[in-house]
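# Results of the structural survey
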Amino acid sequence: MRVRQWLPTGHRVAAVVLIAAGIVLATTAAGYAQAPAGAADLKALAKQSLSKIDGEISVPGVKEPVEVIRDKWGITHIYAKNQDDMFYAQGYVAGQDRLWQLYMWRMTNEGRLAEILGPAAVDEDRAKRMAMYRRPIDDEEWTSYHPDGKRIFTAWTDGLNAYIEQAMSNLPVEFKLTGLKPEPWKPETPLLRSAGLGGMDEINLARLVARVGAKEATRQRMPDPWAEIEVPIGLDLSRIGDDVQWGGRGGSPLPKPEIAAPYRALFGSGEYVGDMVMDFNPDPGSNNWVIGTKYANGGRPQVANDPHRQVGTPSLRYIFHLVSPGWNVIGAQEAPFVGVGLGHNERVAWGLTIAGNDQADVFVEETNPANANQMLYLGRWEQFQIVKDSIRVKGEAAPRTIEFKVGRHGPIVFEDAKNHRAYAVRTASHEPGTAPYLAGLRLSQAADCRDFLDRAMYWKAPTENLICGDVDGNIGEQSSALTPVRRGWDGRMPVPGTGEYEWTGFRQDLPRRWNPVSGYIATANNNINVTGYWPPVAFKSLASIPTERVTRVEQVINDIIQNRRTKFTIDDSKLLQHDAYMLQASFDQDLFRGWTGRTPDVEKARAMVAGWNAVLDKTSAAAAIYQTWRQAMSDPKAYDFWRPLEERRPLVEPGLAKAIQELTETQGPDWNQWRWGRMHTQSFAHPFVSAYDLPTLERSGGTGTPFAGGASYREIMDTGNWDRSVATNVPGQSGQPESPYYGNLLPLWDRQEYFPMAFTRGAVDAQKEHTLVLKPSAVPSSALR
C-alpha cells in the first residue's frame, strides 16, 4: 500500500467556480490524498452538499429551541430543555454528519444491499435475512434499552427524518453521485441486529476432534480455564464433513455503486473500477483500565479505554455530548448513533472491551427421511417453519425469491440431505434487547458505580467487559452479555437437536469485580472468569497468557504504582494506550540467541532481532525482520513456547532466510530503508470515490501490543475533574468530504495526541466554533415518518 503525502485540512477555498453536470460547483483545498483527474469537480460537489451548522433552522417536532454546539474539534454538544428534543436533535445531527454511513448500515442490516450493488450482494442479503430478529417489537424489546425506549427511538428517528426531508434537494455527495435516495426511518429501524449467526468455530472444533480425538484436541486448543473436551452423546462426528459450512460472502469485497449518468464525466477512463473499500481491523485487541483512588493522580478514579474495531472513513464512532433534564453524558456511539455507548456522565465514567461470552450454539437436527421439512424432537416429528422472502436486485426486473427453514433452535444454515441432518444456529441476537450498544442509554443515567453494574445487566450485546469509576472513589467491572444457561454441555461443541441439550434460561451470575484490593482493574479481551466460576462464560487459550496484552498492561500499571510508587496520571494512560512493546517478540528473541547464521545476511538479521528492544516502532528494521519471519515460518512448532529452545532454534534460520528475501523484494536491497511502518499502514480511503481519500499512514504497534491498530476512538477520563478528560476519534466527526471535520483529527491521531473532552458549559463555550439552533416549526414530526 503506497504512502500518500499529507496535505493539511482547512477551510481555504481555491475559489474557482465552474459549471459541471448543470450544477454550480466550487473547488476546495481540503486535506486529501493524491487526487485523480476530475477531483476538483468532485470536491466542489462535496462542498456544495454540506449541511448548515451555524444559525437557526426551523424543524418540525421540537417543542423548544435546541442548541447544537460544535467545538473546534468537531465534537457535538446538544443542549435541550427536555429529553424528546435532545434525542430529536441527536438524530438530526447524525443525519447531517453521517447520513451515507447510516444509509449503508441500514441497507446492510435489512439485507438490501443487492438493491444498490446488484447480484454480487445477494448472498450477503440472504445471510442477513436469515440472521434477522423476527420477534415482535414490543415493550420487552423497547424497555430493555431504556424504560422510555420507544419514546427515545421515536424522537431520534423523527429528528433524522426531519433532516432527510430538508436535505432531499441537497443530499450528501454520495447520494448525488449514485442517484440513490434515503428512505424515512421507523422508530424500530435502529433496533436492527448487525451480528451474524456464527457457529463455525464449533464445527471446526468438531472436525478437529474427529481427526485427532478429544484428548489431543484439548491439548492443541489449550483451553483457559482447562476442561477436557467432551463429545455430546448422540453426536456423530463422522457425518460433519468438510462441506458443512455457512455464512454470507465471507468478507469478500462488494462492487462499487453505479455512478449516475450526470456525474460519470467526473471520473477518468478506467478510474472508477474495482470494489468498494471495506473498513477492517488489521490488529484486533481492545484495552481498558480503571485506576482507583489510592493510585490515581488527583485522588479520584481514572478510566481509560481504547476499543479496537475497524478503522476507516468515516470513523466507526461519533462523539456526542447530550444535555437535558436528567441527562448529561458525553462519549462515543456506533451507528445508528442513538445515545452514548461509552463515556461518562456527571458521576460515572465507563469503558468496554469485548468479553467473548459464548452467545450462540449449533444444533444438529435429525430430519425426516420421508419429509425434509420435519425435525425430530423428543421422539416426535416437528414441522419447520418455511420463511419466504424476496430480494430486489439492481438490474433485474423481478425480485429473487428466497426461502429458508426455521426450527425451534433457530434458522437452518446448512442441510445434509444424504445423512438426513440439518444444522441450526441458536443465537442470543434473536432474543429481545440484543440490538448492539443501545443499552448505553441505561448506563448513561447511572448514579454511581454500584448502580452502573446493576444497569450493565441490561447490556445484552455485544459481549463486553464494562468497567467503571465514580466520583465517590469506587471502581468495578461487570461482564455483560445475554449468556445462555446450557443443560448438558459447555457450549464448545455442536449438540444433537433432539431435546437432550437445551438452553434453559440466561445467566444472572456473570463475573463481577468491586473495589479489588489491587487498586485497579484492567481487561484486554482476556479470560475474565474468576477462580471457581463454572461453567465459564467463554474459553480462552492458555497458550496466550504469558504474552497477551493484559499481561503487558498490568505490567506497566504495576511498575508505575508499585515499583516507582508514583501516582498514575493521564499522561501515563496516553503512553500505555500507545505502548508498542510486544511481549511475544521479547519471548521469541531467545530463539535468535546462542547460534550463528550460516550466511552473512542471516547472521546480520539474527543479530538485529536478538538485540532489538521488542518495540514495534514504525521506523524499526528489526521489527520488520521479526514480523516478516513470523509470517515466513513454515513449521508452527517454532511458536510453541512450551517446547524446549533446543528444539525450536533450528527451525528459525530457514524462515529468517525467507524473510530477508521477501523484504529485499518488497522494500529493496538497502537494509537502511527497511522499516516496520512500510508494511504496517492504515488507509483512510473513501468507500468508493478515491478523490475523497485521506492519506495512508505508517503506524507503530500491532497485534499483540496495547498499541494495536484498531483504536479509532480513545478516551481517558478523570472523575475528579471531568474537563481534564481527553479523547481521540479518527479521521474526524463528519462523514461528509469537504467538511472541516472530515479529516481534521487524523494528524492528531498520527502524532499520538489527544483533544480535550470538554464537559462543563464553560469548557464547551471556550472551545465553541459553530452554533446551530433547531427551532420549532408548525409541521408535525409525524408527517415525516
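What this report covers is the structure whose coordinates are included nearby. (Residues numbered from 1 in each chain as written. Predicted model: local features only at pLDDT ≥ 70, side-chain atom pairs only at ≥ 80, totals over all residues. Heavy atoms only, no water.)

### Examining unusual backbone geometry
Thr-313 connects to Pro-314 through a cis peptide bond whose omega is -5°. In this chain, Ala-335 is followed by Pro-336 through a cis amide linkage whose omega measures 15°. For Asn-515, which is not glycine, the phi torsion reads 40° and is therefore positive. With respect to the helices and strands, the residue Asn-515 is situated in the loop between β25 (512-514) and β26 (520-523). Backbone geometry places Glu-738, a non-glycine residue, at a positive phi of 80°. Mapped onto the secondary structure, Glu-738 falls in the loop between β31 (726-729) and α19 (746-750). Relative accessible area serves as the criterion here: at 4%, Glu-738 is assigned to the buried category. (Helix = DSSP H or I, 4+ residues; strand = E, 2+ residues; numbered from the N terminus. Buried < 20%, exposed > 50% of the residue type's maximum accessible area, 1.4 Å probe, protein only.)

### Points about the nonpolar core
Membership of the largest hydrophobic core comes to 122 residues, with the highest contact counts inside it found for Ile-78, Leu-177, Phe-320, Trp-350, Phe-452, Tyr-692 and Leu-774. Residue contributions to this core peak at 14 residues, all from helix α2 (residues 83-109). When neighbours within four sequence positions are excluded, Leu-774 is seen to be in contact with Ile-57, Val-59, Val-62, Glu-64, Pro-65, Val-66, Val-68, Ala-89 and Tyr-92. Val-609, Ala-624, Trp-629 and Ile-660 belong to the second largest nonpolar core, which has 31 residues in total. (Core = buried A, V, L, I, M, F, W, Y, C linked by side-chain atoms within 4.5 Å. Contact = heavy atoms within 4.5 Å.)

### Regarding the packing of helix α8 (residues 200-212) against helix α9 (residues 214-221)
The interhelical angle for the contact between α8 and α9, taken along N-to-C directions, is 125°, at an axis separation of 7 Å. The orientation of α8 relative to α9 falls into the category oblique. Where α8 crosses over α9, the two elements pack in a sense that is right-handed. Where α8 abuts α9, its residues Asn-204, Leu-205, Leu-208, Val-209 and Val-212 lie against Ala-214, Glu-216, Ala-217, Gln-220 and Arg-221. For the contact of α8 with α9, the residue count by class is six nonpolar, two polar and two charged. (Axes fitted to C-alpha atoms, helices over the stretch in contact; angles between N-to-C directions. Parallel < 35°, antiparallel > 145°, perpendicular 65-115°, else oblique. Left-handed = near helix turned anticlockwise from the far one by under 90°. Nonpolar A, V, L, I, M, F, W, Y, C, P; charged D, E, K, R; others polar.)

### Details of the environment of Ser-586
Inspection of the secondary structure assignment puts Ser-586 in helix α14 (residues 583-588). Taking the C-alpha atoms as reference points, Ser-586 and Thr-771, separated by 185 residues in sequence, lie 51 Å from one another. With near-sequence residues (within four places) excluded, Ser-586 lies in contact with Tyr-581 and Ala-614.

### Points about the environment of Gly-159
Within the secondary structure, Gly-159 is located in helix α6 (residues 149-167). Given a relative accessible area of 0%, Gly-159 falls into the buried group. It is 48 Å that separates the C-alpha atoms of Gly-159 and Gly-488, two residues lying 329 residues apart in sequence. Beyond its immediate stretch of four places on either side in the chain, Gly-159 contacts Tyr-88, Gly-91 and Tyr-92.

### Here's the deal with the state of the cysteines
Inspection of the entire model under this criterion finds one disulfide. Each disulfide pairs two cysteine sulfurs, and for Cys-449 the partner residue is Cys-468, the sulfurs being separated by 2.1 Å. Taking the torsion about the S-S bond as the criterion, the Cys-449 to Cys-468 disulfide, at about 135°, is right-handed. In this pair, Cys-449 is assigned in helix α11 (residues 449-455) and Cys-468 in strand β20 (residues 464-470), connecting sequence segments 19 residues apart. With respect to class, Cys-449 is no different from Cys-468; both count as buried. (Disulfide = S-S within 2.5 Å.)

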